[in-house]
Amino acid sequence: MGPNSAIKRTTKTEFDANSSTLEGEDPSVGNANFWDEFFLLKPKLNNIELEMSKLSVEQLMALQPRLNLLLCRCHDTMSDDKSIRAVNAAQTFCGILKGIYAKTPLSEQVLHFVFGLETSDAKFQSMIEQINIHLNGEFPQTLKSVCLKLLLVMATGTDNVSSNKLLEYLMVHSIHETLINILSNVSLRKLFGHEAVMLLTLLVNYRKFESINPYMVKLSILDDELALHGFGQVVGVSLAEFNNRFAAEIQEAHSRGIISALTSAVGSFFSPEEVDSKSASIRANIGMLLALYEAAHLNRNFVATITQAQADLVNKKSAEDSMTEETKDTEDQIMSDLSSGSSNLLVTFLEYCSILMQETKSEASCNTVKLCFIILSCICEDQYANSLMHDANFVFSVTLHRMPMRHRKVPPQKLSTSPRPLACAFLDLMVEFLVSHMMKKLPLELHHLCLGIIHRLLAYQKRSRVRLSFPWSDLWSSLIALLKYLLANEANMAKRLNIFSVCLQVINVFNLFITYGDTFLSDPASYDCLYYEIIRMHDVFEGLYSMALRYSSIENNEFKDYALKLTHALVNIRAIINHFSPKIEQYMAANGVSPLTEEQVLEVVRLNYQSLTLKLQESLDQYERYSEKPHQSFFTQMVSFLYWKLQMFFPPF
C-alpha cells in the first residue's frame, strides 16, 4: 500500500481521541514528503468544524500538541512556491482556527492552541508578513481570497473585538497599507473590496476607546484620493443594491393600488424571520454603515468622496464567474446612474436612510437608524460638506421613500422634480422623519438627532448667509405638528420621557428663523409666512408655554430645568402672538370680516412689523459638536452585531 493511500486515510478531519493523536505523533515520521503531499489535498472545511464541535474542551486540550503541529505546518506551507499548497494550507488554518474559537473564546487559550505561547509572536509575525506578500504580489486570486478570509477569521474570533488577542498582532504588524492598496486598485477592489472594507472597519474599532489605535490614526490622515474613492465605491454599491431591491418590492406592491399591500411590503422587507436569511443579512448593511461612519467621522478628506460622482462603483461579486444575470443587470444599472454623474455616495445614502427609518419598532432597527443619523450629523458639521451641499450649481435629484400612512395619499417614493442642492434632500428627509414618527413609543433619541441635523444646516445657512430655495412651510408645519402631538400625549409621556428637551430644540429652530431668518430665507415672503404659521397655530405655542410653566413649578420634577428653559425660549414666539393677535382683531372689526384669509393675515403682519419688539437671543446658531465618547457602549454593541452578521452570513470558502 503506497503513501498516497495513507494520506487519504489521514484526512484533515482526524481529530479523534485515539492514543496516537493524544501523544501528538507526527504523521510524517517515515515519510519525508508527507506534508507536501498532504497539502495537495483540498481540505473539507465543514468536516473540520463539525469534528471539532464534537470535542469537549478537555479533549481539545489533549489535542493541543497535534493542533500546534498541524497549524505550524500550515504556517510553513503558506509560503510554498506551489500556490495550491499555500491555498489549502491557509484554508485548513481557517477551518481549525474557527473551530478553536468556537470552543475557547478566551484569547490566551487560542494562542495556546494555535502556535503555543512561546512561539506565537514569531509565527504570527511571519504569517502576517506572508499574507501581505500574497495580497500585494502577483499571486492567484484564490490565494488572495483565502488570505483575506483568514484575516477575517482572526478578526471575528470574539464578539467583543477589543478582547481579541489575535488582533494585537495586526496592530503591531500592520496590514493597513495592503488594504489601502486593494481599495486603490480597480481590479483588486472589484474582487476583494468588500473584505478589505470589513477588515479595516473591525481593526479601527479594536480598543479604540482604550488606547491609540494605529488603524484609526492612519485612516484619519489618509489623503490617497484613489483609496478614499475606492472605499466610497465599495460602500456605495452595497447601499445602492439595497435601495434597488426595496424600490422593486414597493413598486410591485404599489402597482396593486392597495395601501395595505404597501404596508405589508415594507413590513416583510424588514421582517427578521425572512426565508432567505442571507438576503436579510445583506439588507442590514451594518458593516457598510460602520465603515461609512468611521470614514466620515475620522477623515475630512472623505467628505469630498461622499459628494463626488462615482463612475466605476463595482460590487465585490462582479467577477464574471460569480455573477448571475440578475446581479449583472442590477449592477449595470447602478454603474449607469453613477457614471452619468447623476448620483454619488451621499445621494445613495440619503435614499438608503429614507428606507431604513421606516422601521423603528425594534431596538436593532432603532440602532441602525441612529447610526445613519449620526453619520448625517457628522457630515452636517463639516464646513466643506456644507459648502457643497448648499452650492446652487451642485445639484442632484434624490429619491426619498415615504412611509405608507393611512391618513395621507402619497406615492411610495418622492423624487424631486428638478435637481436641487443636497441640503434640500437633507431637510426633506428630516421632515419626513418628523411627520412619520409621532408614535406612542416615541423614539426620543432619534428625534433629538433629527432636530440636531436641521439645526446644523440652519446654523451654516445663517453664518454663511446662504439663501436656500426650499419650501420652508413644510418644515415649520412638521415641527408644529410634533409639538401638537407631544402636547396631546403629555399625560403619558411627560412623566417617563424628557419631552421638554425635544420641545426646546424645536423652539430653538423657530427662534433661529425669527431672529436671523431675514439673512438666509430665500425671500421676504418666506419670512412673512413664518409669522403667519406662528399666528395660525398660536394655540399650540400657548399650550406648550402653559405645560412648561406648570412642570417648571413642580419641585421634585426631574425635568424641571428643561421646562424652565423652555418657558424662557418661548419669549419671542409669545411676543409675536401677543403683538399680532390684537392687530388682527382690530382688522376684522374695521373691515367687518371673519375669519381672515391667509393674504389678509399676511397684510396685517406686514403693516405691523415695525411696532414689534423682540428680545435678542444669542448663540442660537451654536450647537454641541458630535463626540464619539458618550456613544461608546452603542458602538461596542454595533460592532458586536457586525461580528454576529459576519459569523452567520459571510461567504463560505
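Residues numbered from 1 in each chain as written. Predicted model: local features only at pLDDT ≥ 70, side-chain atom pairs only at ≥ 80, totals over all residues. Heavy atoms only, no water.

Here we take up the overall build of the protein. Looking only at helices and strands, the protein features 34 helices and 4 strands. Contacts in the protein between residues at least 24 apart in sequence constitute 78% of all its contacts with a sequence separation of at least 6. For the protein, the computed accessible surface area is about 28,500 Å², with 52% contributed by carbon and sulfur atoms. (Helix = DSSP H or I, 4+ residues; strand = E, 2+ residues; numbered from the N terminus. Contact = heavy atoms within 4.5 Å. Areas by Shrake-Rupley, 256 points an atom, 1.4 Å probe, with all protein chains shown as cover.)

This part covers unusual backbone geometry. The omega torsion across Ser594 and Pro595 is -10 degrees, close enough to zero to call that bond cis. Among the structural elements, Pro595 can be located in the loop between helix H32 (571-591) and helix H33 (598-607). Phi is positive for Arg207, close to 50 degrees, though the residue is something other than glycine. For Arg207, the position within the fold is in the loop between helix H13 (186-204) and helix H14 (214-221). With a phi close to 55 degrees, Arg465 is a non-glycine residue in the positive phi region.

For side chains of opposite charge, pairing can occur when their charged atoms come near one another. All chains considered together, the criterion is met by 21 salt bridges. In this structure, Lys123 engages Asp76 in a salt bridge whose closest nitrogen and oxygen atoms are separated by 3.7 Å. Taken as a pair, Lys123 in helix H9 (residues 120-136) and Asp76 in helix H6 (residues 64-77) lie far apart in primary sequence, 47 residues in all. According to the relative accessible area criterion, Asp76 is partly exposed, its value standing at 38%. Counted as one network, the salt bridges with shared partners bring together Glu168, Arg207 and Glu210. (Salt bridge = Lys/Arg side-chain N within 4 Å of Asp/Glu carboxyl O. Buried < 20%, exposed > 50% of the residue type's maximum accessible area, 1.4 Å probe, protein only.)

Once that is clear, we can look at the packing of helix H26 (residues 472-488) against helix H28 (residues 499-520). Running from amino to carboxyl end, H26 crosses H28 at an angle of 150 degrees, the nearest separation of the two axes being 11 Å. Between H26 and H28, the crossing angle belongs to the class labelled roughly antiparallel. Judged by the sense of rotation from one axis to the other, the crossing of H26 with H28 is left-handed. On H28, the residues that touch Trp472, Leu475, Trp476, Leu479, Ile480, Leu482, Leu483 and Leu486 of H26 are Ile499, Val502, Cys503, Val506, Ile507, Val509, Phe510 and Phe513. For the contact of H26 with H28, a count of residues per class yields 16 nonpolar, no polar and no charged. (Axes fitted to C-alpha atoms, helices over the stretch in contact; angles between N-to-C directions. Parallel < 35°, antiparallel > 145°, perpendicular 65-115°, else oblique. Left-handed = near helix turned anticlockwise from the far one by under 90°. Nonpolar A, V, L, I, M, F, W, Y, C, P; charged D, E, K, R; others polar.)

When you line up the elements, Gln233 lands in helix H15 (residues 225-254). Within polar-contact distance, the side chain of Gln233 engages the side chain of Arg189 at 2.5 Å. (Polar contact = N/O pair within 3.5 Å; in protein donor to acceptor, adjacent residues only side chain to side chain.)

As a further point, take helix H12 (residues 176-184). Here H12 lies mainly inside the structure; 7 of its 9 residues are buried. Those residues of H12 that sit buried are His176, Thr178, Leu179, Ile180, Ile182, Leu183 and Ser184.

Moving on: the packing of helix H21 (residues 345-356) against helix H22 (residues 363-380). Any two packed helices are characterised by the angle at which their axes cross and by the distance between the axes. Their axes nearest at 10 Å, the elements H21 and H22 cross at an angle of 145 degrees. The element H21 and its partner H22 pack so that their crossing is left-handed. Contacts from Leu346, Phe349, Leu350, Tyr352, Cys353 and Leu356 in H21 reach Thr368, Val369, Cys372, Ile375, Leu376 and Ile379 in H22. Residues that form the contact of H21 with H22 fall into these classes: 11 nonpolar, 1 polar and no charged.

The predicted coordinates ought not to be read in detail in places where the model reports low pLDDT. Summary statistics for the protein give a mean pLDDT of 84 and a share of 83% for residues scoring 70 or more. The model gives residues 272-283 a pLDDT under 50, and that stretch makes 16 contacts with residues more than four places away or in other chains. (pLDDT = per-residue confidence, 0-100.)

Further remarks concern the nonpolar core. Inside soluble globular proteins, nonpolar side chains tend to come together where they are buried. Residues Phe349, Phe373 and Phe541 are the most contacted members of the largest nonpolar core, which totals 211 residues. The biggest single contributor to this core is H28, with 14 residues. Among the domains, domain 1 (16-173) and domain 2 (483-622) are the pair contributing at least three residues each to this core. Those residues in contact with Phe541, other than ones at most four positions away along the chain, are Ile480, Leu483, Ile507, Phe510, Ile534, Leu570, Ile573 and Ile577. (Core = buried A, V, L, I, M, F, W, Y, C linked by side-chain atoms within 4.5 Å. Domains from an automatic or database assignment.)

Inspection of every chain in the model, using the stated rule, returns 28 aromatic pairs. Judged by centre distance (5.2 Å) and plane angle (80 degrees), the rings of Phe38 and Phe39 are edge-to-face. Classification of Phe38 by relative accessible area gives buried; the value is 3%. Both rings, one in Tyr293 and one in Tyr626, keep their centres 6.2 Å apart while their planes meet at 90 degrees; by these two values the pair is edge-to-face. Of this pair, Tyr293 sits in helix H18 (residues 286-298) while Tyr626 sits in the loop between H33 and helix H34 (632-649); the two residues are 333 residues apart in sequence, bridging distant segments of the chain. Neither residue differs from the other here; Tyr293 and Tyr626 are each classed as buried. Three or more aromatic residues link up through ring pairs in this structure, and these residues are Phe470, Trp472, Trp476, Phe513 and Phe520. Directly above the ring of Tyr516 sits Lys462, whose terminal nitrogen or CZ lies 4.5 Å from the centroid. Its end group placed over the ring of Tyr545, Arg574 keeps NZ or CZ at 3.8 Å from the ring centre. (Phe/Tyr/Trp six-rings, centres within 6.5 Å; stacked < 30°, edge-to-face > 60°. Lys NZ or Arg CZ within 6 Å of the ring centre and 35° of its normal.)

A separate point is the environment of Trp476. Here Trp476 is to be found in helix H26. Overall, Trp476 belongs to the buried group, its relative accessible area being 1%.

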